[in-house]
Amino acid sequence: MSDQNKGKKDEQLEQFRADDQGKKLTTNQGLKVSEDEFSLKAGDRGPTLLEDFHFREKMTHFDHERIPERIVHARGFAAHGEFQVYESLEEYTKADFLTDPSKKTPVFVRFSTVAGSKGSSETVRDARGFATKFYTDEGNYDLVGNNIPVFFIQDAIKFPDLVHALKPEPHNEMPQAASAHDTFWDFVANNQESAHMVMWAMSDRAIPRSFRMMEGFGVHTFRLVNKEGKSHFVKFHWKPKLGTHSVVWDEAQKLSGKDADFHRGDLWESIENGEYPEYELGIQVIPEEDEHKFDFDILDPTKLWPEEDIPVKLVGKMTLNRNVDNVFAETEQVAFHPGHVVPGIDFSNDPLLQGRLFSYTDTQLIRLGGPNFHELPINRPVCPFHNNQRDGYGRQTINRGQVSYHKNSLASNTPEPASVEEGGYEHYQEKVEGHKVRARSESFKDHFSQATLFWNSMSEPEKDHIKAAFSFELGKVGSQSVKQQVVDMFANVSEDLATTVADAIGAEVPANAGSSVTKSSPALSQENTVFSAETRTVGLIIADNFNGSEVAKVLDSLRNAGTIVEVISDKQGKLKGDDGSELNVDHTFLTSESVLFDALYVVGGEDVSKSFKHDAKYFVQEAFQHFKPIGATHQGVNWLKDNNLDQSPGVVAGSDPDSFANEFVEAISQHRHWTRDIII
Ligand code: HDE
């Protein structure tokens, strides 16, 4: 890691790092150990002795190595980085890290799936967590978001119900990391506020290509408060530099088996290769006085703010530039909490957010074993912290002195609260009045308009994917009644959707299907995202005796365009070109699969075996079915012709290395070629 990436947080973590390599083995008490293979026994064939403190310490520690996994978001992966605001946002907020453009704030970001266990696959259909801890000079600020801008429910009290319905069913603990089962869809049909989020969950957003290629959203409406005490409502966005891209469902399922670590592998590798993932922070701002000017309630977490109506202002950039040293110590022990705020950032009365403000500390107490989890290296703020909290399991701070209470005279009444001018946090003084009621606001009762807005905003391929996703998920549901209820529910969103799905799953479309909502929001379609060939992986299928000079030219162009080329052949080792050049084989047909690549470049070679041709054909056909760009030169061109693939969109066959490379790079940057004549 270069020095420029070393921030305050990294310096702090350095105090806790340990390198064991080259050292003598000791017990935890520092005693050097002379033997670590054999327990202490009464005779070399006799029983083990209780006296063997080394054995007992080693075994006891091992027995206690596991902690409870997160109840949701158990499967996650994280990286360090930094955030910098472009220009001062003092008009809206007094938060120091958002007003000083010269400041680089260290961050730690954990991405996750929601439903699956800690060891589950990463390419399942699910929302993704996108949780960012900013280690600011005024304390930690956590933006604990998802890659979908809305949520299933409107009130936190329903979260245990939602999660019970989504998780594997309790009688047989199936299915793992999947929503395609009866209880989830029963919940959906009977809690219709979920309609909008379910549309997102059935869309391509729920099967991202990479953590680097998905948006992040704070979901709730928050407040920004400036020095003068003026408040604006705000929604937070993360916009990935590489655009928002997804895999296709068949590919996602195959990836689950071929590489359950597909997303963490992608993040890890890109950081190791210096291809640092970047995201811009965006804000949508609504002045307080405009709170009631919209046809939805801005406190309702099942609603987004259409970007065409309330533009997203890009205000800063986050770069992830360092992998963790130890996944347990950092990724597993990091404790996020939407209530970790700094002066200038405040909450709204969104009832989902209000409940989250309780849940996150509570869950860390069981997960991390007590109230001192803030002392774990990954969770420590980079600014000093002082208060009268003491003791508890695993306490590390040695608080000196006699006094641990407020108010006091013995320590001159310190630590003392700071005034607002000194940086003391002051809750926004919103005027609140009301009766104590358990109720849903009337303004929260429209569950379908934005579900239809989302549907209307999709391109035709995206709509097809949503129809197929509903048909798959409901096709896995056993209860005919639940299937019918779901069709009845989504008939409120679109007649076309309901009709296709009903047909696929043997249900009836209700007579009054359809919606009167015609509005759309083009920003919601992935067709309008950023397209680039950068960091795309290209599998080069090649054999001995290839045309060395021409292939080298193409590879140069591909690499100059920022793609990563990996060589696939039938055996490992080196391949020789006709000019004596050499290529190292990265993967064989046995150790890889087309689903692991964004594009294939097929060259082949003279005299390849029948099995080589067979395996290459399988790779190419599968990549074709997944709408991926395929390039071919030399023998590869004939193979494409033999398989009738050469005339399709996104398939580039060529003989001139320069023009071929340009066309192929363009095809790669398009991500997928949906106009191919393929039935999904
Ligand atoms: Fe969470 N959520 N959540 N959540 N959430 C947790 O906290 C909860 C919600 C999100 O990488 C838990 O430390 C409630 C929305 C992320 O460590 C828990 C409600 C959003 C992560 C919890 C919600 C999120 C969590 C489990 C409804 C997007 C992973 C482990 C009121 C804005 C953070 C933990 C990480 C984790 C509670 C809804 C995002 C149980 C009660 C909406 C990214 O506290």
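The name an unreviewed UniProt entry assigns to the protein chain is Catalase, from the organism Halalkalibacillus sediminis. The record in UniProt for the protein chain states the following under Catalytic activity (unreviewed entry): "2 H2O2 = O2 + 2 H2O". Its UniProt record gives the protein chain the following Function (unreviewed entry) comment, quoted word for word: "Decomposes hydrogen peroxide into water and oxygen; serves to protect cells from the toxic effects of hydrogen peroxide."

Caption draft 1: Quick look at the site of the ligand. By nearness alone, 23 residues border the ligand, and R70, R110, S359, Y360 and Q364 come closest of all. Taking R70, its side chain carries an N or O atom lying 2.7 Å from an oxygen atom of the ligand. Here R110 contributes a side-chain N or O atom positioned 2.7 Å from an oxygen atom of the ligand. For the shell around the ligand, the elements supplying multiple residues, two or more each, are strand 3 (128-136), strand 4 (139-146) and helix 9 (351-367). By residue number, the principal contributor to the shell around the ligand is helix 9, which donates six residues.

Caption draft 2: Spatial organisation of the UniProt feature "active site" (unreviewed entry) in the protein chain. UniProt annotation of "active site" (unreviewed entry) refers to H73 and N146 when read in the numbering used here. Despite a sequence span of 74 residues, these residues sit close together in the fold, their greatest C-alpha distance being 10.4 Å. Its place among the elements puts H73 in the loop between helix 2 (53-63) and strand 1 (76-85). Other than its neighbours up to four places away in sequence, H73 contacts R110, S112, T113, V114, G129 and N146. There is a polar contact of 2.8 Å between the side chain of H73 and the side chain of S112. With respect to the helices and strands, N146 occurs in strand 4. Classification of N146 as buried rests on a relative accessible area of 9%.

Caption draft 3: Fine view of the side chain of T123. One can find T123 in the loop between strand 2 (105-113) and strand 3. On the accessibility criterion, T123 (2% relative accessible area) is buried.

Caption draft 4: Spatial organisation of a nonpolar patch on the surface. A grouping of F55, M59 and F62 is seen on the molecular surface, where their side chains present a nonpolar patch of about 280 Å² in accessible area. Within the secondary structure, M59 sits in helix 2. You can call M59 partly exposed: its relative accessible area is 35%.

Caption draft 5: Focus on the pairing of strand 7 (residues 231-240). For strand 7, the tally of buried residues reaches 10 of 10 residues, placing the bulk of the element in the interior. Burial along strand 7 is two-sided: the face carrying S231, F233, K235, H237 and K239 and the face carrying H232, V234, F236, W238 and P240 are both buried. Here two bridges tie strand 5 (residues 216-217) to strand 7, and the two strands are oriented antiparallel to one another. Looking at strand 7, one finds that F217 is bridged to H237.

Caption draft 6: Examining the nonpolar core more closely. Counting 55 residues, the largest nonpolar core has W185, M199, I466, F470 and F490 as its most contacted members. For this core, the elements supplying multiple residues, two or more each, are helix 3 (159-166), helix 4 (182-190), helix 5 (195-201), helix 10 (449-457), helix 11 (460-475), helix 12 (480-490) and helix 13 (495-505). With six residues, helix 5 is the single largest residue contributor to this core. Here this core spans two domains, since at least three of its residues come from each of domain 1 (76-174 + 203-375) and domain 2 (448-527). If near-sequence neighbours (up to four positions away) are discounted, M199 is found in contact with A451, F454, W455, I466, F470, F490, V493 and L497. Counting residues in each nonpolar core, the second largest holds 37 residues, with L89, A95, F222 and M318 among its members.

Caption draft 7: Molecular detail of the coordination of the iron atom of the ligand. Of all protein atoms, Y360 (OH) alone acts as a donor to the iron atom of the ligand, lying 1.9 Å away. Position of Y360 among the secondary structure elements: in helix 9.

Caption draft 8: Structural context of the pairing of strand 6 (residues 222-225). The alternating pattern of strand 6 places F222 and L224 and R223 and V225 on opposite faces, both of which are buried. Taken together, the three bridges between strand 6 and strand 10 (residues 345-347) define a ladder with antiparallel strand orientation. Across the sheet, L224 pairs through a bridge with I345, a residue of strand 10. With four bridges connecting them, strand 6 and strand 7 associate as antiparallel partners. Residue pairing in the sheet places V225 in a bridge with S231 of strand 7.

Caption draft 9: Representation of helix 6 (residues 249-258) within the structure. When we look at burial in helix 6, the residues that qualify are E251, A252 and L255. Viewed along the axis of helix 6, the buried residues span an arc of 100°, placing them on a single side of the element. On its buried side, helix 6 packs onto helix 7 (262-272).

Caption draft 10: The packing of aromatic side chains, seen in detail. Inspection of the entire model under this criterion finds 30 aromatic pairs. Ring geometry for W200 versus F217: centroids 6.4 Å apart, planes at 75°, classification edge-to-face. Pair noted here: W200 is in helix 5 and F217 is in strand 5, with a separation of 17 residues, a long-range link. Judged by relative accessible area, which is 6%, F217 ranks as buried. Between F589 and F619, the ring centres sit 5.5 Å apart and the planes meet at 70°, which makes this aromatic pair edge-to-face. Of this pair, F589 sits in the loop between strand 15 (587-588) and strand 16 (599-604) while F619 sits in helix 15 (residues 610-625), placing them 30 residues apart in sequence. Grouping aromatic residues by their ring pairs yields a cluster made of F83, F97, F111, F130, F134, Y141, F211, W238 and Y279. Note that R125 overlies the ring of W249, its terminal NZ or CZ placed 4.9 Å from the centroid. Here the guanidinium or amino end of K133 rests over the ring plane of F336, the centre of that ring lying 5.3 Å away.

Reading the values: the criteria
Residues numbered from 1 in each chain as written. Predicted model: local features only at pLDDT ≥ 70, side-chain atom pairs only at ≥ 80, totals over all residues. Heavy atoms only, no water. UniProt positions renumbered as here; feature names shortened; annotations may be inferred. Near = heavy atom within 4 Å. Polar contact = N/O pair within 3.5 Å; in protein donor to acceptor, adjacent residues only side chain to side chain. Helix = DSSP H or I, 4+ residues; strand = E, 2+ residues; numbered from the N terminus. Contact = heavy atoms within 4.5 Å. Buried < 20%, exposed > 50% of the residue type's maximum accessible area, 1.4 Å probe, protein only. Patch = residues over 30% accessible without salt bridge, like charges linked within 9 Å, V, L, I, M, F, W, Y side chains within 5 Å. Areas by Shrake-Rupley, 256 points an atom, 1.4 Å probe, with all protein chains shown as cover. Salt bridge = Lys/Arg side-chain N within 4 Å of Asp/Glu carboxyl O. Pairing = 2+ DSSP bridges. Core = buried A, V, L, I, M, F, W, Y, C linked by side-chain atoms within 4.5 Å. Domains from an automatic or database assignment. Donors = N, O, S within 2.8 Å, 3.2 Å for Na, K, Ca; no water. Arc of directions from axis to C-beta. Phe/Tyr/Trp six-rings, centres within 6.5 Å; stacked < 30°, edge-to-face > 60°. Lys NZ or Arg CZ within 6 Å of the ring centre and 35° of its normal.

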